[in-house]
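Okay, here's what each chain looks like letter by letter:
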Amino acid sequence: MEILVCARRVPDTSENEIQLNSAGNDIERDDLVYSINEPDNYAVEEALQIVAKAGGNVTVATVGTDEDEEILRRELAMGANHGVLLSDDSFSGSDGKGIATVLKGFVQKGKYDLILTGVQAEDGGAQVGGMLAAMLDYPFASLVNSIEVTDGNKLKVGREIEGGNREMNEIDLPCVLSIQTGINEPRYVGMRGIRQAASLEVPTYGAVELGVDKASVGEVAAKVERADYFVPTLGKGAEILQGSNEEIAGKLVERMKAKGGLQ
Amino acid sequence: MLAGMLISANESYRGISLLSLTSLIQIIGLICFVYIVTKRMAPLARGERDVRFDRLWVRLQRLMKYWFGQWKHPRYRIAGTLHLLIFAGFLVLATRAFYLLIFGLSDLFATTGAIGRTYDVIADYAATIVFLAVSAAGIRRIVFKPARYTVPEKFGKGHKADAIFLLGLIALLMFSESLFEASRVAIQVQRGEVPEFLPALSLPWMLKEVLAAASTAMLWRLHFGAYVVDVLTFYFLLCYRPFGVQFHVETSLFNVFFAKLDRGTVKPVRWGVSDEQLDQVKSFGVKKFEDFTWKHMLDFYSCADCGRCSDNCPANAVGRPLSPRFLSIKARDYAFQHYPVFGDTESHVALIGGIYSADEIWSCTTCGACEEECPLLIEYIDKIVDLRRGMVDDGNVPKSIQKALKALESRGNPYGKLEKKKADWTKDKEFQQSCNVSVLNGGAPADTLYFVDSITSYDDRIQAIGRATARILAATGENFGILGAAEKDSGHDVRRFGEEMLFQVLRDHNTAAIKESGVRRIVTSDPHAYNALKSDYKDLPPVEHISQVIAREVRSGKLKLNHVESASNVYAYHDPCYLGRHNQVYDDPREVLDAIPGLKRVEMSRCRDRSFCCGGGGLMLFYEPQEDERMGVKRVQMAAEAGANVIVTACPFCMVNIEDAIKVSGMEGKMSAIDLAELVDEHLVRQRPATGDGDSDQHVLAHASA
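1. Observations concerning the overall build of chain B
1) Next: From N to C terminus, chain B includes 27 helices and eleven strands.
2) Next: For chain B, the spread of C-alpha atoms along the three principal axes comes to 100 × 60 × 45 Å.
3) Next: In chain B, buried positions account for 57% of the 706 residues.
4) Next: Summed over all atoms, the accessible surface of chain B reaches about 28,400 Å², with 59% contributed by carbon and sulfur.

Here's what the structure looks like:
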């Protein structure tokens, strides 16, 4: 099975102190460390596990700049077969639809049975997967938390439904799936793997190679524009129960009963 | 044992020459033994390289101490004493066996010479002692059943039957040998000849007394029968031992001789492969059995199944899925099964998921209690690290640890905190008034570097240890500074969690930063950093732990300590693993405590080299183990049992674990923990340095109010 995973490089929320910049339209980007968007990492792991069972190749693509190449190398170290950087000056400032347009261009250059995206980018809006599927006229399932390869043309996918329920679907290939975290346990990528992947070739494709109309992407085509960026004002703080351990436990049980958490 | 063959060469029974019978059994027995041992050595030939032929003189000395001297054995009084007796008896009896093997049935030990007669007396007693000792050992096994011998269900069936069988065989050997002699002497008496001398109260002597009334025919039958049983038992034992725990009789000599010499170190990924060449190594660590070094395989064969390692293992004590004893036993079973004596070598399986579970291998805190205890000097930490290297290489790392490793890679600390905030602990207003710590970034040079490391730099609670350490250094008049943002995590536990390449990146970065700072010595308050800088890094200025500095300066009189503040407190010192066991710093911290006038100090029953790990440091703080209770909770209980209400430690990780444990076990108010540096800082007699040394800007202004 030929699998494409669309990945993205984002500021790592666990290793940064995210603060607004002085203009208030973005976060302070000095001193940030970046890593692969976490759900995308799960998508790559899932692709690797499928390929390990069913055979095939995993390609990871990202729309970005030279700096974004590092996440491709990390995923190559993880075991992906190919990494591709989709980069062009005209892509900058793309909204979700613009990014989906670029990805569509890349998908149409090759032949992929399955396209995975993370459920959402940590700094994004969970839109690219669905848009890409629509543009390609592929079936789409979101919030996927299990994939089973049944036969050559179909997949059985589980989806997470509100309230912790699960729904099982059969979906025709080729298709696009957005992957929920927790679907697997992504393998660790060590320093050794990253070093070895440093010398691998990562091709770059621009608008021309991808057959993407420059007017359909980037800032010129973006119809969604970020108007503001702010930290919500803090609400009422958490309450700390006082007393001995037994008293606290008693109070806690009372509250849980009162709120319907315990029957 | 061959010692029993003390017969005239032409002695015979019903026409069967004992000598030719002996020779026949001996030849068959030796051929079998050589064949079996050759088969047993087959995996060692396929094992990884190991460097064990260096420093032969040191090895010889250690052989005398740990093998010949049985140094570790008395740590368990009863079992150790029994083993000492059996071992000594074996040595005595084996002397003749070896002599006979090498020189044939010749004269040195013949009963006629003075040496021979003396030896006989000693040998008779030796056999008696061994007989009694194995009997006592058997009774212990059957009646008293010490807990450490039991095999938990998950590790398969117990080894009691095998142990008793082997003890029985040794007893039989001693008995038959004695019976052989006794019957001969009894015959001599009945014939009216001058009987050979049998020392009083020895086993042969007692048997002789019993046999005095037997008929001559019966005595001859006993004499011949005992002889045959003795020789057969000896060779049966010889050939049976390589199938189980008794193989250590043969391997222990080599295992102790080739044992690891350097405490606190971790073996390289591959012996003989430099750090620069590591990129060419195809696979890291131990993934299959043959990835173990030959010495580590010899360890598996040498394990005597005594259970001392697991008896002292904190992970085992709190119900984690690790028992060092079974790390060895399972690997030995694997070797026996896949490299059988009869039949072909079988196909190989991955160790993790095969005989070991991932959690079993992550459970180890590398505290070293198992290695400290093992009478055979079996190594565990290097194997654990090697197995972890294999798992890291395969990407099989628990998520919580992955996050910390990722943060170490991008930020140089496991918490993902900003580099520029590394020196924030020095910026506490109150602290700055009393002590100004300079960051060594190319400005004024300093003599001494205080290597702070991640936890002391970033953890709110532990920063207090950093500040106490700085104030003490200042009080000694030391011209010191820190690296600040240029200091990355020492990587001590990165290496021990198997992420060797990341460790090397951290090490290289820190080494460069330290060298650039131009300092002449390094002090740290973190035993993990101390061990890393001392044992894992190369070519650095000398490193000291703050407890060593304090002890020295208390001795020199530079540091003076006030009378203990709260005289009602009873203090117990908890030895951090990487200060104590791994670096042998036991006395300095105690000396410092005892230098505080009026301080009442008690020892926990587990102290010094038997200290009980608090739960582990470094990345172990990020690991979510399966366990019944916390190690720290057990440790706090031990302190309470010792009658202490303050636990003094000298390691930031111990502080985190012990303080957590005090909370978890509801001991708040009854027990508290304090770092040695904090305690000393509290009791410092503060004075202005008598002489200014020209760099007062780096230095503390005396805290007059103290």
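Picking up after the structure, the text goes on.
2. Examining the overall build of chain A
1) Next: Broken down by element type, chain A carries eight helices and eleven strands.
2) Next: A principal-axis box enclosing the C-alpha atoms of chain A has dimensions of 70 × 50 × 40 Å.
3) Next: Burial analysis of chain A (263 residues in total) assigns 45% to the buried set.
4) Next: Here the analysis covers contacts within chain A between residues at least 6 apart in sequence; of these, 69% occur between residues at least 24 apart.
5) Next: Total accessible area on chain A is roughly 14,000 Å²; 48% of this is exposed by carbon and sulfur atoms.
6) Next: Taken as two groups, the 25 positive and 43 negative side-chain charges of chain A have centres that lie 4 Å from each other.

3. A few points about the side chain of Lys383(B)
Residues and elements named next belong to chain B.
1) Next: Inspection of the secondary structure assignment puts Lys 383 in helix H15 (residues 381–393).
2) Next: On the basis of relative accessible area, Lys 383 is assigned to the buried category, the value being 2%.
3) Next: Aside from chain neighbours lying at most four places away, what touches Lys 383 is Phe 292, His 296, Asp 299, Phe 300 and Ile 378.

4. Here's the deal with the sheet that holds strand S8 (residues 570–573) of chain B
Residue and element names in this part refer to chain B.
1) Next: The sheet built from four strands is open, its strands ordered S9-S8-S10-S11 with parallel pairing. The open sheet has two edge strands, strand S9 (600–602) and strand S11 (672–675), and neither has a second partner. Recorded for the sheet is a direction-independent mean angle of 35° between the axes of neighbouring strands.
2) Next: Relative to strand S10 (residues 646–649), S8 runs parallel, the two being bridged by three bridges. Note that in S10 the partner of Tyr 571 across the bridge is Val 646.

5. Remarks on unusual backbone geometry
1) Next: Residue Pro174(A) follows Leu173(A) across a cis peptide bond; omega there is -10°.
2) Next: Considering the arrangement of structural elements, one finds Pro174(A) in the loop between strand S9 (165–172) and strand S10 (175–179).
3) Next: In this structure, Arg55(B) takes a positive phi of about 45° despite not being glycine.
4) Next: Looking at where Arg55(B) falls in the secondary structure, it is placed in the loop between helix H1 (18–46) and helix H2 (56–68).
5) Next: With a phi angle near 60°, Leu377(B) is a residue other than glycine that sits in the positive phi range.
6) Next: The topology assignment puts Leu377(B) in the loop between helix H14 (369–373) and H15.

6. Structural notes on the pairing of strand S1 (residues 2–6) of chain A
All names here are of chain A.
1) Next: Of all five residues that make up S1, four are buried, and the element is covered over most of its length.
2) Next: Here S1 pairs with strand S4 (residues 57–63) via five bridges, running parallel. Directly across from Val 5, in S4, lies its bridge partner Val 60.

7. Describing the packing of aromatic side chains
1) Next: Inspection of every chain in the model, using the stated rule, returns 26 aromatic pairs over all chains.
2) Next: An angle of 10° between the planes, with centres 5.4 Å apart, marks the rings of Phe236(B) and Tyr240(B) as stacked. Remark: Tyr240(B) and Phe236(B) occur in helix H7 (residues 216–240); sequence separation between them is four residues, near one turn of the helix.
3) Next: With a relative accessible area of 40%, Phe236(B) lands in the partly exposed category.
4) Next: You can call Tyr240(B) partly exposed: its relative accessible area is 23%.
5) Next: Arranged with centres 5.8 Å apart and planes meeting at 45°, the rings of Tyr415(B) and Phe622(B) form a pair that is tilted. Taken together, the positions of Tyr415(B) in the loop between helix H16 (399–411) and helix H17 (429–434) and Phe622(B) in the loop between S9 and helix H25 (631–641) put the pair 207 residues apart, joining distant regions of the chain.
6) Next: Owing to a relative accessible area of 21%, Phe622(B) belongs among the partly exposed residues under this scheme.
7) Next: One aromatic cluster is present, formed by Phe53(B), Phe257(B), Phe258(B) and Trp294(B) through successive ring pairs.
8) Next: A cation over an aromatic ring shows up here: Arg9(A) above the ring of Tyr34(A), its NZ or CZ 4.1 Å from the ring centre.
9) Next: Directly above the ring of Trp71(B) sits Lys65(B), whose terminal nitrogen or CZ lies 4.7 Å from the centroid.

8. Comments concerning the nonpolar core
1) Next: Grouped together as the largest cluster of nonpolar side chains are 156 residues, with contacts concentrated most on Phe289(B), Phe292(B), Tyr356(B), Leu405(B), Ile514(B) and Val648(B).
2) Next: Within the second largest apolar cluster, 45 residues are counted, among which are Leu93(B), Val130(B), Leu207(B) and Phe224(B).

9. Here's the deal with the interface of chain A and chain B
1) Next: At the interface, 22 residues of chain A touch 28 residues of chain B.
2) Next: Across the interface of chain A and chain B, roughly 2,200 Å² is buried in total on both sides, 45% from carbon and sulfur atoms.
3) Next: Linking chain A with chain B are six salt bridges.
4) Next: The salt bridge partner of Lys406(B) is Asp12(A), with a shortest N-O separation of 3.3 Å.
5) Next: Listing elements by their share of the side of chain A that touches chain B, those giving two or more residues are strand S3 (34–36), helix H1 (38–54) and helix H5 (191–197) of chain A.
6) Next: If one sorts the elements of the side of chain A that touches chain B by residue count, H5(A) sits on top with five residues.
7) Next: A per-class count over the side of chain A that touches chain B returns eight nonpolar, five polar and nine charged.

10. Focus on the packing of H25(B) against helix H26 (residues 652–664) of chain B
Residue and element names in this part refer to chain B.
1) Next: It is the contact of H25 with H26, at a shortest axis distance of 8 Å, that shows an interaxial angle of 80°. Judged by the angle between their axes, H25 and H26 are roughly perpendicular. Contact residues: H25 offers Gly 632, Val 633 and Val 636, while H26 offers Asn 657, Ile 658, Ala 661, Ile 662 and Val 664.

11. A word on the environment of Glu659(B)
Residues and elements named next belong to chain B.
1) Next: Structurally, the position occupied by Glu 659 is in helix H26.
2) Next: For the pair Glu 659 and Val 633, spaced 26 residues apart in the sequence, the C-alpha separation amounts to 9.4 Å.
3) Next: Not counting residues up to four positions away in its chain, the partners in contact with Glu 659 are Arg 461, Cys 654 and Ala 673.

12. Considerations on the pattern of salt bridges
Residues and elements named next belong to chain B.
1) Next: On inspection of all chains with the given rule, the structure shows 67 salt bridges over all chains.
2) Next: Lys 287 is paired through a salt bridge with Asp 394; the nearest N and O atoms lie 3.1 Å apart. In this pair, Lys 287 is assigned in the loop between helix H8 (248–257) and helix H9 (294–302) and Asp 394 in the loop between H15 and H16, connecting sequence segments 107 residues apart.
3) Next: Looking at Asp 394, the relative accessible area reads 49%, which means it is partly exposed.
4) Next: Notably, a salt bridge pairs Lys 634 with Glu 629, separated by 3.3 Å at the nearest N-O pair.

13. Focus on the pairing of S8(B)
All names here are of chain B.
1) Next: Of the two faces of S8, the one carrying Val 570 and Ala 572 and the one carrying Tyr 571 and Tyr 573 are both buried.
2) Next: Summarising the sheet, S8 and S9 pair through three bridges and their orientation is parallel. Considered in S9, the bridge of Ala 572 is made with Val 602.
3) Next: A crossover links S8 with its parallel partner S9, the connecting element being helix H24 (residues 587–594), and its sense is right-handed.

14. As for the sheet that holds strand S11 (residues 204–205) of chain A
Residue and element names in this part refer to chain A.
1) Next: Here nine strands make up an open sheet; going across it, the order is S9-S8-S7-S10-S6-S1-S4-S5-S11 and the pairing mixed. The open sheet terminates on both sides in strands that have one partner only, identified here as S9 and S11.
2) Next: Summarising the sheet, strand S7 (residues 140–151) and strand S8 (residues 154–161) pair through six bridges and their orientation is antiparallel. The residue bridging Val 144 from the neighbouring strand is Arg 159, located in S8.

15. Quick word on a nonpolar patch on the surface
1) Next: Together, Leu252(A), Val253(A), Met256(A) and Leu262(A) make up an exposed nonpolar region whose accessible area comes to about 300 Å².
2) Next: Relative to the helices and strands, Leu262(A) resides in the segment after helix H8 (245–258).

16. Topic: helix H22 (residues 527–536) of chain B
Residues and elements named next belong to chain B.
1) Next: Summarising burial for H22: eight of the ten residues are buried, a large majority.
2) Next: Among the residues of H22, Pro 527, His 528, Ala 529, Tyr 530, Asn 531, Ala 532, Leu 533 and Asp 536 are the ones counted as buried.
3) Next: Put simply, Asp 526 is the residue that caps the front of H22, since its side-chain oxygen is 2.8 Å from the backbone nitrogen of His 528.

Reading the values: rules and limits
- Residues numbered from 1 in each chain as written.
- Chains lettered and ligands numbered in written order.
- Predicted model: local features only at pLDDT ≥ 70, side-chain atom pairs only at ≥ 80, totals over all residues.
- Heavy atoms only, no water.
- Helix = DSSP H or I, 4+ residues; strand = E, 2+ residues; numbered from the N terminus.
- Buried < 20%, exposed > 50% of the residue type's maximum accessible area, 1.4 Å probe, protein only.
- Areas by Shrake-Rupley, 256 points an atom, 1.4 Å probe, with all protein chains shown as cover.
- Contact = heavy atoms within 4.5 Å.
- Lys, Arg positive; Asp, Glu negative; His and termini not counted.
- Charge placed at Lys NZ, Arg CZ, Asp CG, Glu CD.
- Pairing = 2+ DSSP bridges.
- Axes fitted to C-alpha atoms, helices over the stretch in contact; angles between N-to-C directions.
- Phe/Tyr/Trp six-rings, centres within 6.5 Å; stacked < 30°, edge-to-face > 60°.
- Lys NZ or Arg CZ within 6 Å of the ring centre and 35° of its normal.
- Core = buried A, V, L, I, M, F, W, Y, C linked by side-chain atoms within 4.5 Å.
- Buried area = accessible area lost by both parts, 1.4 Å probe.
- Salt bridge = Lys/Arg side-chain N within 4 Å of Asp/Glu carboxyl O.
- Nonpolar A, V, L, I, M, F, W, Y, C, P; charged D, E, K, R; others polar.
- Parallel < 35°, antiparallel > 145°, perpendicular 65-115°, else oblique.
- Right-handed = clockwise from strand over helix to strand, strands pointing away.
- Patch = residues over 30% accessible without salt bridge, like charges linked within 9 Å, V, L, I, M, F, W, Y side chains within 5 Å.
- Polar contact = N/O pair within 3.5 Å; in protein donor to acceptor, adjacent residues only side chain to side chain.

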